[in-house]
Amino acid sequence: MKVCTTIAEIQHELASFDKERIALVPTMGCLHEGHVSLIEKAKRLADVVVVSIYVNPLQFGAHEDLDTYPRPFAGDVQACQDAGVDFIFHPENLYPEHGIQVSLQVNDLSQKLCGASRKGHFDGVVTVVNILFNIIRPHLAIFGEKDFQQLSIIQRMVADLHMQVEVVGADIVRDDDGLAKSSRNRYLSDDERQQAKEIYAALRLMQSQADKHSNINDLLTLGREHLKQHNIAVEYLEICDEISLEPVTHSQAGTTARIFVAAEIGTTRLIDNLPLTNNEEQPCV
Ligand code: AMP
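Residues numbered from 1 in each chain as written. Predicted model: local features only at pLDDT ≥ 70, side-chain atom pairs only at ≥ 80, totals over all residues. Heavy atoms only, no water.

## Observations concerning the overall build of the protein chain
Logical step 1: When helices and strands are counted, the protein chain shows eight helices and nine strands.
Logical step 2: A compact globule built from 285 residues should have a C-alpha radius of gyration of about 19 Å, and the protein chain, at 19 Å, falls within 12% of that.
Logical step 3: Across its three principal directions, the C-alpha atoms of the protein chain cover 55 × 40 × 40 Å.
Logical step 4: Residues classed as buried in the protein chain amount to 52% of the 285 residues present.
Logical step 5: Across the protein chain, the fraction of contacts at a sequence separation of at least 24, relative to all contacts at a separation of at least 6, is 73%.
Logical step 6: Summed over all atoms, the accessible surface of the protein chain reaches about 14,000 Å², with 47% contributed by carbon and sulfur.
Logical step 7: For the protein chain, the distance from the average position of its 25 positive side-chain charges to the average position of its 41 negative side-chain charges is 1 Å. (Helix = DSSP H or I, 4+ residues; strand = E, 2+ residues; numbered from the N terminus. Rg over C-alpha atoms; globule rule 2.2 N^0.38 Å. Buried < 20%, exposed > 50% of the residue type's maximum accessible area, 1.4 Å probe, protein only. Contact = heavy atoms within 4.5 Å. Areas by Shrake-Rupley, 256 points an atom, 1.4 Å probe, with all protein chains shown as cover. Lys, Arg positive; Asp, Glu negative; His and termini not counted. Charge placed at Lys NZ, Arg CZ, Asp CG, Glu CD.)

## Considering the site of the ligand
Logical step 1: Looking at the ligand, there are 17 residues lining it, with H35, G144, D147, V173 and K181 nearest.
Logical step 2: One nitrogen or oxygen atom from the main chain of M28 is found 2.9 Å from an oxygen atom belonging to the ligand.
Logical step 3: Between the ligand and H35 there is a distance of 2.9 Å, counted from an oxygen atom to a side-chain nitrogen or oxygen.
Logical step 4: Contact with the protein chains removes 93% of the 480 Å² of surface that the ligand exposes when unbound. (Near = heavy atom within 4 Å. Polar contact = N/O pair within 3.5 Å; in protein donor to acceptor, adjacent residues only side chain to side chain.)

## Overview of the pairing of strand β6 (residues 166–170)
Logical step 1: Across five bridges, the pairing between strand β5 (residues 140–144) and β6 is parallel. Residue pairing in the sheet places L140 in a bridge with E166 of β6.
Logical step 2: Running through helix α6 (residues 148–160), the crossover from β5 to the neighbouring parallel element β6 is right-handed. (Pairing = 2+ DSSP bridges. Right-handed = clockwise from strand over helix to strand, strands pointing away.)

## Focus on the pattern of salt bridges
Side chains that carry opposite charge are capable of pairing whenever their charged atoms lie near each other.
Logical step 1: Under the counting rule described, the total for this entry stands at 15 salt bridges.
Logical step 2: Here R193 and D177 are joined by a salt bridge, their closest N and O atoms 2.9 Å apart. With R193 in helix α7 (residues 190–209) and D177 in the loop between β6 and α7, this pair connects stretches of sequence that are 16 residues apart.
Logical step 3: Salt bridges here are not isolated pairs; linked through shared partners, they connect E33, D175, D177, K181 and R193. (Salt bridge = Lys/Arg side-chain N within 4 Å of Asp/Glu carboxyl O.)

## Re the sheet that holds strand β7 (residues 233–241)
Logical step 1: With respect to topology, three strands assemble into an open sheet ordered β7-β8-β9, the strand pairing being antiparallel. Whereas interior strands pair on both sides, the edge strands pair on one side only; in this sheet they are β7 and β9 (268–275). Between one strand and the next, the sheet's axes are offset by a mean angle of 15 degrees, whatever the strand orientation.
Logical step 2: As paired strands, β7 and strand β8 (residues 257–265) are joined by eight bridges and run antiparallel to one another. Among the inter-strand pairings, D241 is bridged to a residue of β8, identified as A257.
Logical step 3: Docked against the sheet, helix α8 (residues 216–229) engages β7 and β8, running at close to 155 degrees with respect to β7. (Axes fitted to C-alpha atoms, helices over the stretch in contact; angles between N-to-C directions.)

## Brief notes about the domain arrangement of the protein chain
Logical step 1: By the assigned domains, the protein chain splits into domain 1 (2–170) and domain 2 (183–275).
Logical step 2: Computed over C-alpha atoms, the centres of domain 1 and domain 2 are 26 Å apart.
Logical step 3: In this assembly, 22 residues from domain 1 lie in contact with 18 residues from domain 2.
Logical step 4: Here domain 1 meets domain 2 over a buried area of about 1,700 Å², counting both sides, of which 54% is carbon and sulfur. (Domains from an automatic or database assignment. Buried area = accessible area lost by both parts, 1.4 Å probe.)

## Details of helix α5 (residues 121–136)
Logical step 1: Counted at 1.5 Å a residue, the expected span for α5 with its 16 residues is 22 Å, and the 22 Å between its end C-alpha atoms agrees.
Logical step 2: Most of α5 is tucked away: 14 of the 16 residues are buried. (Expected span 1.5 Å × (residues − 1).)

## Notes on the packing of α7 against α8
The relative placement of two packed helices is expressed as an angle between their axes plus a distance between the axes.
Logical step 1: The contact between α7 and α8 brings their axes to 9 Å, and the two run at 155 degrees. Our classification of the angle between α7 and α8 gives roughly antiparallel. As for the relative orientation of α7 and α8, their crossing is right-handed in sense. Residues E198, I199, A201, A202, L205, M206 and Q209 of α7 form the contact with α8, whose own contacting residues are L219, L220, L222, G223, H226 and L227. (Parallel < 35°, antiparallel > 145°, perpendicular 65-115°, else oblique. Left-handed = near helix turned anticlockwise from the far one by under 90°.)

Next up, the structure:
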C-alpha cells in the first residue's frame, strides 16, 4: 500500500493501471468498520482500491465541527493496510489557494432532510466528489447507505452530468445494539452512548409496526414518542421515497419508502435510516 499526498503522485501511480478497474472509496478518515465494509466491497468489484482521506472544509457549516473533526491518520493507515487497500490519497488541500470560483450546486434534493439544516453541505459534498472523480478517474465509487441522502445525490450527479463512473451503495454497518457506526460516535459519553442506541430502536419499532399502521403520521408519532421517552432531541424524523426523498403519504408494503432520522445526543448530531418495509435487513456488524 502506498500513501500519496499530492495529485501528481496519485495520478503517476494510477497511470500504470490502464487496464485494471479502479475503485474509489471517498472518506473523511477516522475509519471504522463501516468504512472497512466499503473497502471490502470495492475489493470485490475492482482490481485497484483507492481510499481518499480528506476532511472537506466545503461541506462543513460555520458552526460545525471542522476544526475538531477527529483525524487519527496513523490508525487510518493501519486500517487501510489491514483491509488490503492499494493506495491512500491524502491531500492537504484540494482547492485553489484563494478559494474555489466554480463549484457544483444541488437543487431540490439538497433542500430536505439533512440539507434543510445544513445549508450548502451537499454542494460541498458534490463539489469535492467531482474533484476526486476528476483526479482519480475511478471506474466505480462506493458510498454508504448510512448517508443515504448523500448517496442519492451523488447518483443523481453522475446521471445528470453524464459522468463515466458507477456509483455503488453499501449497507449500513452497526454496533451490536444497532447504533450505526460513525466517526462522530467517539464524541459520545457513556451515558450518551446508551441513549444513542434508542435511535435505531425507534426506527425498528416503526418498521415493525408499518404493516399495522396504514397512516404514516401514526408511525411517525410512534417513533417520536420513543425518542422523546429517551430524551433525544429530534431534528427530523420522516418517511420518504428513496428516490425523490419526498415524504410519502401512506404506508404501502413493497414501495421504496424509507425512514430517515437526525437527532442530537448532547452536542453530537447523529443520523440513521431504515427501509420502512423489512427486507430481511439484519444489523450488519
Ligand atoms: P465519512 O468518512 O463519514 O465521510 O464516510 C465515508 C463513507 O463511509 C461514506 O460513503 C459513508 O456513507 C460511509 N459510512 C460511514 N459510516 C458508515 C456505516 N456505519 N456503514 C456503512 N457506511 C458508512
